[in-house]
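Observations on the model geometry
Below are the chains, spelled out letter by letter.
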Amino acid sequence: MKKKILVPTDFSLAAQSAYWYACELARVYDATLELIYVYNEAFPPSNIPNLNAEGNIQGQIKEQLKAFAENYPHQAGDNLLIRTAVNTRVVPGVPVSTLSRLSEQDDVFMIVMGATGSHGAADRLFGSVSSGLAQRAFCPVMLIPEQARYEEFEQILYATNFESADSLMLHQIIDFANIFRSALHFVHIENDKNQEDFNFTEDLIMKQLMDKGSPAFSFNMHTVADVSVLEGLHQYAATNEVQLIVLANRQRSLLESLLGQSMTKKMALRIKYPMLVYHMI
(Lines give C-alpha, C1' and ligand atoms only; values in the text may rest on other atoms or scores of the structure.)
Protein backbone atom coordinates (compact mmCIF):
# COMPACT_ATOMS: atom_id res chain seq x y z
CA MET A 1 0.00 0.00 0.00
CA LYS A 2 1.47 3.36 -1.05
CA LYS A 3 1.89 5.96 1.68
CA LYS A 4 -0.34 9.04 1.64
CA ILE A 5 0.31 12.50 3.06
CA LEU A 6 -2.75 14.55 4.00
CA VAL A 7 -2.43 18.30 3.46
CA PRO A 8 -5.30 20.25 5.08
CA THR A 9 -5.52 23.79 3.72
CA ASP A 10 -7.27 27.07 4.37
CA PHE A 11 -5.66 28.73 1.29
CA SER A 12 -3.47 30.93 3.52
CA LEU A 13 0.23 31.74 3.11
CA ALA A 14 1.00 29.26 5.88
CA ALA A 15 -0.94 26.60 3.96
CA GLN A 16 1.10 27.37 0.83
CA SER A 17 4.33 26.90 2.78
CA ALA A 18 3.01 23.61 4.17
CA TYR A 19 2.10 22.44 0.67
CA TRP A 20 5.68 23.07 -0.47
CA TYR A 21 6.99 20.90 2.39
CA ALA A 22 4.41 18.20 1.68
CA CYS A 23 5.41 18.01 -1.99
CA GLU A 24 9.07 17.58 -1.06
CA LEU A 25 8.28 14.95 1.59
CA ALA A 26 6.09 13.07 -0.88
CA ARG A 27 8.99 13.00 -3.32
CA VAL A 28 11.43 11.71 -0.70
CA TYR A 29 9.07 9.04 0.64
CA ASP A 30 7.49 8.20 -2.75
CA ALA A 31 4.09 9.03 -1.23
CA THR A 32 0.88 10.37 -2.75
CA LEU A 33 -0.62 13.70 -1.70
CA GLU A 34 -4.19 14.51 -0.77
CA LEU A 35 -5.00 18.19 -0.55
CA ILE A 36 -8.07 18.48 1.65
CA TYR A 37 -10.49 21.15 2.80
CA VAL A 38 -12.82 20.43 5.73
CA TYR A 39 -15.76 22.74 6.32
CA ASN A 40 -18.69 22.92 8.68
CA GLU A 41 -21.91 22.84 6.63
CA ALA A 42 -23.64 25.05 9.21
CA PHE A 43 -21.13 27.86 8.62
CA PRO A 44 -20.25 28.77 5.01
CA PRO A 45 -16.45 29.16 4.55
CA SER A 46 -15.36 32.76 5.11
CA ASN A 47 -11.74 32.39 4.00
CA ILE A 48 -12.42 31.53 0.33
CA PRO A 49 -12.75 34.53 -2.02
CA ASN A 50 -15.58 34.79 -4.57
CA LEU A 51 -17.54 31.90 -3.08
CA ASN A 52 -21.18 31.82 -4.20
CA ALA A 53 -23.15 30.69 -1.15
CA GLU A 54 -26.14 29.80 -3.33
CA GLY A 55 -24.16 27.57 -5.68
CA ASN A 56 -22.51 24.17 -5.26
CA ILE A 57 -20.12 24.99 -2.43
CA GLN A 58 -18.23 21.68 -2.52
CA GLY A 59 -17.75 22.00 -6.28
CA GLN A 60 -16.47 25.56 -5.97
CA ILE A 61 -14.03 24.60 -3.22
CA LYS A 62 -12.83 21.62 -5.27
CA GLU A 63 -12.02 23.94 -8.18
CA GLN A 64 -10.07 26.24 -5.87
CA LEU A 65 -8.19 23.26 -4.44
CA LYS A 66 -7.14 22.26 -7.96
CA ALA A 67 -5.95 25.81 -8.67
CA PHE A 68 -4.09 25.86 -5.36
CA ALA A 69 -2.34 22.58 -6.24
CA GLU A 70 -1.34 23.81 -9.68
CA ASN A 71 0.41 26.85 -8.20
CA TYR A 72 3.15 24.59 -6.86
CA PRO A 73 6.30 25.68 -8.76
CA HIS A 74 8.24 23.30 -10.98
CA GLN A 75 11.59 24.41 -9.70
CA ALA A 76 13.35 25.97 -6.73
CA GLY A 77 16.54 27.81 -7.54
CA ASP A 78 18.55 25.75 -10.01
CA ASN A 79 17.09 22.40 -8.93
CA LEU A 80 14.38 20.89 -11.10
CA LEU A 81 11.75 19.27 -8.91
CA ILE A 82 9.68 16.21 -9.66
CA ARG A 83 6.04 17.25 -9.72
CA THR A 84 3.98 15.04 -7.41
CA ALA A 85 0.52 13.82 -8.37
CA VAL A 86 -2.07 15.41 -6.08
CA ASN A 87 -5.61 14.34 -5.25
CA THR A 88 -8.04 16.96 -3.98
CA ARG A 89 -10.90 16.36 -1.58
CA VAL A 90 -13.64 18.40 0.08
CA VAL A 91 -15.08 16.94 3.28
CA PRO A 92 -17.95 18.37 5.35
CA GLY A 93 -17.44 18.11 9.09
CA VAL A 94 -15.71 19.62 12.11
CA PRO A 95 -12.04 20.07 11.11
CA VAL A 96 -10.14 18.62 14.09
CA SER A 97 -12.35 15.57 14.66
CA THR A 98 -12.73 14.89 10.92
CA LEU A 99 -8.99 15.10 10.23
CA SER A 100 -8.23 13.07 13.34
CA ARG A 101 -10.56 10.33 12.09
CA LEU A 102 -8.95 10.38 8.65
CA SER A 103 -5.51 10.08 10.25
CA GLU A 104 -6.46 6.61 11.49
CA GLN A 105 -6.56 5.22 7.94
CA ASP A 106 -3.84 2.65 7.28
CA ASP A 107 -2.42 4.43 4.24
CA VAL A 108 -2.07 7.86 5.91
CA PHE A 109 1.61 8.30 6.67
CA MET A 110 1.67 11.91 7.83
CA ILE A 111 -0.30 15.16 7.99
CA VAL A 112 1.43 18.37 6.88
CA MET A 113 -0.35 21.66 7.48
CA GLY A 114 0.26 25.34 8.07
CA ALA A 115 0.26 26.82 11.56
CA THR A 116 -0.26 30.55 11.76
CA GLY A 117 -0.03 31.04 15.50
CA SER A 118 -2.64 33.31 17.09
CA HIS A 119 -2.83 36.71 15.41
CA GLY A 120 -6.07 37.57 13.63
CA ALA A 121 -9.42 35.79 13.97
CA ALA A 122 -8.81 33.53 10.96
CA ASP A 123 -5.31 32.75 12.23
CA ARG A 124 -6.68 31.76 15.61
CA LEU A 125 -9.20 29.46 13.93
CA PHE A 126 -6.69 27.61 11.75
CA GLY A 127 -4.09 27.82 14.53
CA SER A 128 -6.51 26.08 16.89
CA VAL A 129 -7.11 23.40 14.25
CA SER A 130 -3.40 22.76 13.79
CA SER A 131 -2.68 22.66 17.53
CA GLY A 132 -5.71 20.46 18.18
CA LEU A 133 -4.73 18.07 15.42
CA ALA A 134 -1.13 17.97 16.64
CA GLN A 135 -2.45 16.62 19.93
CA ARG A 136 -5.20 14.31 18.67
CA ALA A 137 -4.04 12.80 15.36
CA PHE A 138 -3.13 9.12 15.05
CA CYS A 139 -0.20 9.74 12.71
CA PRO A 140 2.75 12.16 12.80
CA VAL A 141 1.81 15.80 12.19
CA MET A 142 4.19 18.36 10.69
CA LEU A 143 3.27 22.01 11.27
CA ILE A 144 4.78 24.70 9.05
CA PRO A 145 4.88 28.40 9.98
CA GLU A 146 3.93 30.98 7.38
CA GLN A 147 7.44 32.34 6.86
CA ALA A 148 9.09 28.92 6.35
CA ARG A 149 10.53 27.96 2.97
CA TYR A 150 11.53 24.39 2.35
CA GLU A 151 15.12 23.43 3.10
CA GLU A 152 16.75 20.10 3.87
CA PHE A 153 16.52 18.96 7.49
CA GLU A 154 20.24 19.19 8.24
CA GLN A 155 19.79 20.00 11.94
CA ILE A 156 16.91 18.51 13.96
CA LEU A 157 16.10 19.35 17.56
CA TYR A 158 14.36 16.58 19.53
CA ALA A 159 12.86 17.98 22.74
CA THR A 160 13.59 15.37 25.39
CA ASN A 161 12.18 14.36 28.72
CA PHE A 162 11.57 10.93 30.23
CA GLU A 163 8.53 10.23 28.04
CA SER A 164 10.36 11.18 24.85
CA ALA A 165 12.81 8.31 25.48
CA ASP A 166 9.97 5.94 24.54
CA SER A 167 11.32 3.22 22.23
CA LEU A 168 8.74 3.76 19.46
CA MET A 169 9.27 7.52 19.46
CA LEU A 170 13.03 7.18 19.23
CA HIS A 171 12.88 4.65 16.41
CA GLN A 172 10.65 6.99 14.41
CA ILE A 173 12.94 10.00 14.80
CA ILE A 174 16.02 7.84 14.13
CA ASP A 175 14.46 6.58 10.89
CA PHE A 176 13.63 10.16 9.88
CA ALA A 177 17.17 11.36 10.61
CA ASN A 178 18.62 8.42 8.65
CA ILE A 179 16.59 9.33 5.56
CA PHE A 180 17.71 12.95 5.57
CA ARG A 181 21.19 12.32 7.06
CA SER A 182 20.32 14.91 9.67
CA ALA A 183 22.30 15.84 12.77
CA LEU A 184 20.13 15.16 15.83
CA HIS A 185 20.20 17.45 18.86
CA PHE A 186 18.61 15.86 21.93
CA VAL A 187 17.78 18.90 24.06
CA HIS A 188 16.49 18.90 27.62
CA ILE A 189 15.29 22.19 29.12
CA GLU A 190 15.85 22.29 32.86
CA ASN A 191 14.06 24.75 35.12
CA ASP A 192 12.46 24.91 38.56
CA LYS A 193 9.38 23.06 37.32
CA ASN A 194 11.35 20.39 35.48
CA GLN A 195 13.86 18.77 37.81
CA GLU A 196 13.78 15.16 36.57
CA ASP A 197 17.03 13.19 36.39
CA PHE A 198 18.03 13.59 32.75
CA ASN A 199 21.01 11.27 33.13
CA PHE A 200 18.66 8.29 33.19
CA THR A 201 16.85 9.58 30.09
CA GLU A 202 20.18 10.06 28.30
CA ASP A 203 21.07 6.43 29.03
CA LEU A 204 17.77 5.24 27.51
CA ILE A 205 18.29 7.38 24.41
CA MET A 206 21.88 6.18 23.96
CA LYS A 207 20.81 2.56 24.22
CA GLN A 208 18.25 3.04 21.45
CA LEU A 209 20.71 4.94 19.26
CA MET A 210 23.28 2.15 19.49
CA ASP A 211 20.76 -0.68 19.25
CA LYS A 212 21.88 -1.66 15.73
CA GLY A 213 25.37 -0.21 15.77
CA SER A 214 26.45 3.40 15.33
CA PRO A 215 23.79 5.46 13.51
CA ALA A 216 24.54 6.99 10.10
CA PHE A 217 24.01 10.52 11.43
CA SER A 218 25.72 12.67 14.02
CA PHE A 219 24.04 13.44 17.33
CA ASN A 220 24.63 15.22 20.60
CA MET A 221 22.83 15.76 23.90
CA HIS A 222 22.38 19.06 25.69
CA THR A 223 20.80 20.23 28.92
CA VAL A 224 19.82 23.90 28.78
CA ALA A 225 18.83 25.94 31.82
CA ASP A 226 15.91 28.26 31.06
CA VAL A 227 12.90 29.61 32.89
CA SER A 228 10.64 28.72 29.96
CA VAL A 229 10.79 25.39 28.13
CA LEU A 230 9.27 27.03 25.06
CA GLU A 231 11.75 29.92 24.93
CA GLY A 232 14.64 27.59 25.73
CA LEU A 233 13.84 25.38 22.74
CA HIS A 234 13.39 28.37 20.42
CA GLN A 235 16.67 29.91 21.59
CA TYR A 236 18.58 26.67 21.06
CA ALA A 237 17.02 26.27 17.61
CA ALA A 238 18.08 29.79 16.61
CA THR A 239 21.63 29.41 17.89
CA ASN A 240 22.16 26.07 16.17
CA GLU A 241 20.37 26.84 12.88
CA VAL A 242 17.81 24.08 13.38
CA GLN A 243 15.41 23.33 10.50
CA LEU A 244 12.95 21.16 12.45
CA ILE A 245 11.79 20.77 16.05
CA VAL A 246 10.41 17.36 17.01
CA LEU A 247 8.08 16.73 19.94
CA ALA A 248 6.70 13.51 21.38
CA ASN A 249 3.07 14.00 22.39
CA ARG A 250 1.00 11.84 24.70
CA GLN A 251 -2.76 12.34 24.33
CA ARG A 252 -3.80 13.66 27.68
CA SER A 253 -6.82 12.98 29.81
CA LEU A 254 -9.69 15.47 29.99
CA LEU A 255 -8.66 16.50 33.52
CA GLU A 256 -5.11 17.25 32.43
CA SER A 257 -6.31 19.25 29.44
CA LEU A 258 -8.54 21.35 31.70
CA LEU A 259 -5.66 22.11 34.07
CA GLY A 260 -3.44 23.68 31.46
CA GLN A 261 -2.09 23.74 27.93
CA SER A 262 0.24 20.97 26.86
CA MET A 263 3.69 21.85 25.52
CA THR A 264 2.56 20.63 22.10
CA LYS A 265 -0.29 23.15 22.07
CA LYS A 266 1.92 25.98 23.30
CA MET A 267 4.51 25.25 20.63
CA ALA A 268 1.86 25.03 17.90
CA LEU A 269 0.29 28.35 18.86
CA ARG A 270 3.65 30.14 19.05
CA ILE A 271 5.35 28.32 16.21
CA LYS A 272 8.59 29.75 14.82
CA TYR A 273 10.13 26.68 13.21
CA PRO A 274 8.71 23.70 11.33
CA MET A 275 7.58 21.22 13.97
CA LEU A 276 7.03 17.47 13.74
CA VAL A 277 4.84 15.82 16.37
CA TYR A 278 4.95 12.09 17.01
CA HIS A 279 2.27 10.47 19.16
CA MET A 280 2.75 8.05 22.02
CA ILE A 281 0.09 5.39 22.53
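Going by the structure above, here's the rest.
Residues numbered from 1 in each chain as written. Predicted model: local features only at pLDDT ≥ 70, side-chain atom pairs only at ≥ 80, totals over all residues. Heavy atoms only, no water.

Let us look at the overall build of the chain. Looking only at helices and strands, the chain features nine helices and twelve strands. For the chain, the residues scored as buried account for 49% of the 281 residues in total. The long-range fraction of contacts in the chain, counting pairs at least 24 apart against all pairs at least 6 apart in sequence, stands at 79%. Carbon and sulfur atoms make up 50% of the accessible area of the chain, which amounts to about 14000 Å² in all. (Helix = DSSP H or I, 4+ residues; strand = E, 2+ residues; numbered from the N terminus. Buried < 20%, exposed > 50% of the residue type's maximum accessible area, 1.4 Å probe, protein only. Contact = heavy atoms within 4.5 Å. Areas by Shrake-Rupley, 256 points an atom, 1.4 Å probe, with all protein chains shown as cover.)

On to the packing of aromatic side chains. A full pass over the atoms with the stated rule returns twelve aromatic pairs. Ring plane angle 50 degrees and centroid distance 4.6 Å describe the contact between Y29 and F109, whose orientation is recorded as tilted. Taken as a pair, Y29 in helix α1 (residues 13–29) and F109 in strand β6 (residues 108–115) lie far apart in primary sequence, 80 residues in all. Take Y29: its relative accessible area is 12%, and that puts it in the buried class. Ring pairing ties together the aromatic residues Y21, Y29, F109, Y150, F153, F176 and F180, which thus form one cluster. (Phe/Tyr/Trp six-rings, centres within 6.5 Å; stacked < 30°, edge-to-face > 60°.)

Our focus in this paragraph is the environment of L204. Structurally, L204 is set in helix α6 (residues 198–209). Residues L204 and S167, 37 residues apart in the sequence, show an inter-C-alpha distance of 8.6 Å.

This part covers the pairing of strand β1 (residues 4–8). With respect to burial, β1 is a largely interior element, five of its five residues being buried. Burial of the side chains of β1 extends over both faces: K4, L6 and P8 are buried on one face and I5 and V7 on the other. For β1 and strand β2 (residues 32–39), the ladder comprises five bridges, and the chain directions are parallel. Of the residues in β2, the one forming a bridge with L6 is E34. Note on the crossover from β1 through α1 to β2: the handedness is right-handed. (Pairing = 2+ DSSP bridges. Right-handed = clockwise from strand over helix to strand, strands pointing away.)

With that out of the way, let us pick up the packing of α1 against helix α5 (residues 167–180). Two numbers describe how α1 lies on α5: the axes approach to 11 Å, and their chain directions differ by 85 degrees. The angle between α1 and α5 places the two elements in the roughly perpendicular class. Between α1 and α5, the contacting residues are L25, V28 and Y29 on the first element and F176, I179 and F180 on the second. In terms of residue class, the contact of α1 with α5 is built from six nonpolar, no polar and no charged. (Axes fitted to C-alpha atoms, helices over the stretch in contact; angles between N-to-C directions. Parallel < 35°, antiparallel > 145°, perpendicular 65-115°, else oblique. Nonpolar A, V, L, I, M, F, W, Y, C, P; charged D, E, K, R; others polar.)

Moving on: the environment of N50. Following the sequence through the fold, N50 ends up in the loop between β2 and α2 (57–70). Here the alpha-carbon distance between N50 and Q60, two residues ten residues apart in the chain, equals 9.4 Å.

Let's shift gears to unusual backbone geometry. In this structure, D30 is a non-glycine residue whose phi angle is positive, near 55 degrees. Looking at the element boundaries, D30 is found in the loop between α1 and β2. On the basis of relative accessibility, which here comes to 53%, the residue D30 falls in the exposed class. Positioned with a positive phi, R181 is a non-glycine residue whose angle comes to about 50 degrees. The residue R181 is located in the loop between α5 and β9 (183–190) in this model.

So, on to the sheet that holds β6. The sheet built from ten strands is open, its strands ordered β5-β2-β1-β6-β7-β12-β11-β8-β9-β10 with mixed pairing. Strands with a single pairing partner mark the edges of an open sheet, and in this sheet they are β5 (86–92) and β10 (219–225). In this sheet, adjacent strand axes meet at a mean angle of 25 degrees when their direction is disregarded. As paired strands, β6 and strand β7 (residues 141–145) are joined by five bridges and run parallel to one another. Following the sheet pairing, G114 is matched in β7 by I144. On the sheet, α1 packs against β1, β2, β5, β6 and β7 and is oriented at approximately 155 degrees with respect to β6. Across the sheet, α2 lies against β2 and β5, angled at about 150 degrees from β5, the strand it touches most.

On to the nonpolar core, then. Grouped together as the largest cluster of nonpolar side chains are 53 residues, with contacts concentrated most on V112, M142, F153 and F176. The greatest single-element share of this core, amounting to ten residues, is contributed by α1. With residues near it in sequence (within four places) discarded, F153 still touches Y21, L25, M142, F176, F180, S182, Q243 and L244. The next biggest cluster of nonpolar side chains, apart from the first, holds 32 residues, and it includes L102, Y236, I271 and V277. (Core = buried A, V, L, I, M, F, W, Y, C linked by side-chain atoms within 4.5 Å.)

From the geometry alone we can't say anything about function, so treat these as descriptive.
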